[in-house]
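Fold and contact review
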Amino acid sequence: MKKFLFLILILPSITFGQGGLGNKPRADIVMLSQVTRDSLSDVVFSHIMDLKRFAETNNVDSAAALIANKDTSKQWLRASNPKDSTERAYITGVLSKINSLFHNFPDTRRDYYTVFKTKDTPSGQKHIYQILHTNGKKQRRVSWTFYLIGDQLLLGEM
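Residues numbered from 1 in each chain as written. Predicted model: local features only at pLDDT ≥ 70, side-chain atom pairs only at ≥ 80, totals over all residues. Heavy atoms only, no water.

**As for the nonpolar core**
In this structure, I48, L51, I98, Y129, W144 and F146 are the most contacted members of the largest nonpolar core, which totals 28 residues. Beyond its immediate sequence surroundings of up to four residues, W144 is in contact with I48, I98, L101, F102, H127, I128, Y129, I131, H133, L155, E157 and M158. (Core = buried A, V, L, I, M, F, W, Y, C linked by side-chain atoms within 4.5 Å. Buried < 20%, exposed > 50% of the residue type's maximum accessible area, 1.4 Å probe, protein only. Contact = heavy atoms within 4.5 Å.)

Okay, structure coming up:
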């Protein structure tokens, strides 16, 4: 009986001692209104669908405007240049990766979208969109990372 009474007395202090749910705001997330977040989510998803369409048609020039390019210091700078041979090879690799992803997992479901603070871009933001790709019983969750460079959202990593 004493052990049971002890557990009842200590249980609330254990649950509140761990912080509870949502007591501390996350410092790494950019807080946006729901309307702003939903409209940005739609823009990023339309960019992903555009990249899918460009991958299916092997349209490297149009895809270059949506894919970010890094310099040697690992900073995201600008949209890729399809006239540069190394950047064109990078764009082609990204497009083949996207094409195989959508070919192997044709059904998509929007899963999660958020904006994180980062030091990789001058804007200090990276947009992460997780999409659940399925093919029958097989599933694959892919994180698409977009960076705000100037006034454009460009694909950085996937």
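**Regarding the environment of D151**
Along the chain, the position of D151 falls in the loop between β5 (138-149) and β6 (152-157). By relative accessible area, D151 is classed as exposed at 70%. Considering only alpha carbons, one finds D151 and S123, 28 residues apart in sequence, at a separation of 9.6 Å. (Helix = DSSP H or I, 4+ residues; strand = E, 2+ residues; numbered from the N terminus.)

**Some thoughts on the packing of aromatic side chains**
The tally for this structure, following the rule as stated, stands at 3 aromatic pairs. Judged by centre distance (6.0 Å) and plane angle (35 degrees), the ring pair of F45 and Y129 falls under tilted. Of this pair, F45 sits in helix α2 (residues 34-57) while Y129 sits in strand β4 (residues 125-135), and the two are 84 residues apart along the sequence. For the pair shown, F45 and Y129 are each scored as buried. An angle of 55 degrees between the planes, with centres 5.4 Å apart, marks the rings of Y113 and Y129 as tilted. Remark: Y129 occurs in strand β4 and Y113 occurs in strand β3 (residues 107-117); sequence separation between them is 16 residues. Residue class for Y113 comes out buried when judged on its relative accessible area of 10%. Through a chain of ring-to-ring contacts, three or more aromatic side chains come together here, namely F45, Y113 and Y129. In this structure, R110 packs its charged tip against the face of F45, placed 4.0 Å from the ring centre. (Phe/Tyr/Trp six-rings, centres within 6.5 Å; stacked < 30°, edge-to-face > 60°. Lys NZ or Arg CZ within 6 Å of the ring centre and 35° of its normal.)

**Some words on the sheet that holds β5**
Pairing in this open sheet of 4 strands is antiparallel, and the strands run β3-β4-β5-β6 from one edge to the other. Here the strands that pair on one side only, and so sit at the sheet edges, are β3 and β6. Pairwise comparison of adjacent strand axes, ignoring direction, gives a mean angle of 30 degrees for this sheet. One ladder, built from 10 bridges, connects β3 with β4; its direction is antiparallel. Bridging from a neighbouring strand, Y112 pairs with Q130 of β4. The sheet strands contacting helix α4 (residues 85-104) are β3, β4, β5 and β6, and the helix crosses β5 at an angle near 145 degrees. (Pairing = 2+ DSSP bridges. Axes fitted to C-alpha atoms, helices over the stretch in contact; angles between N-to-C directions.)

**Focus on unusual backbone geometry**
A positive phi angle, close to 55 degrees, is found at N58, a residue other than glycine. Within the secondary structure, N58 is located in the loop between α2 and α3 (60-64). Assessed through its relative accessible area of 51%, N58 is described here as exposed.

**Let's talk about the pairing of β6**
The pairing of β5 with β6 spans 5 bridges and is classified as antiparallel. Across the sheet, residue T145 finds its bridge partner in β6, namely E157.

**Quick notes on the packing of α2 against α4**
In contact at an axis separation of 8 Å, α2 and α4 are set at 100 degrees when each is read in the N-to-C sense. Put simply, α2 runs roughly perpendicular to α4. Contacts between α2 and α4 involve I48, M49, L51, K52, F54, A55 and E56 from the first element and L95, I98, N99 and F102 from the second. Within the contact of α2 with α4, the residues separate by chemical class into 8 nonpolar, 1 polar and 2 charged. (Parallel < 35°, antiparallel > 145°, perpendicular 65-115°, else oblique. Nonpolar A, V, L, I, M, F, W, Y, C, P; charged D, E, K, R; others polar.)

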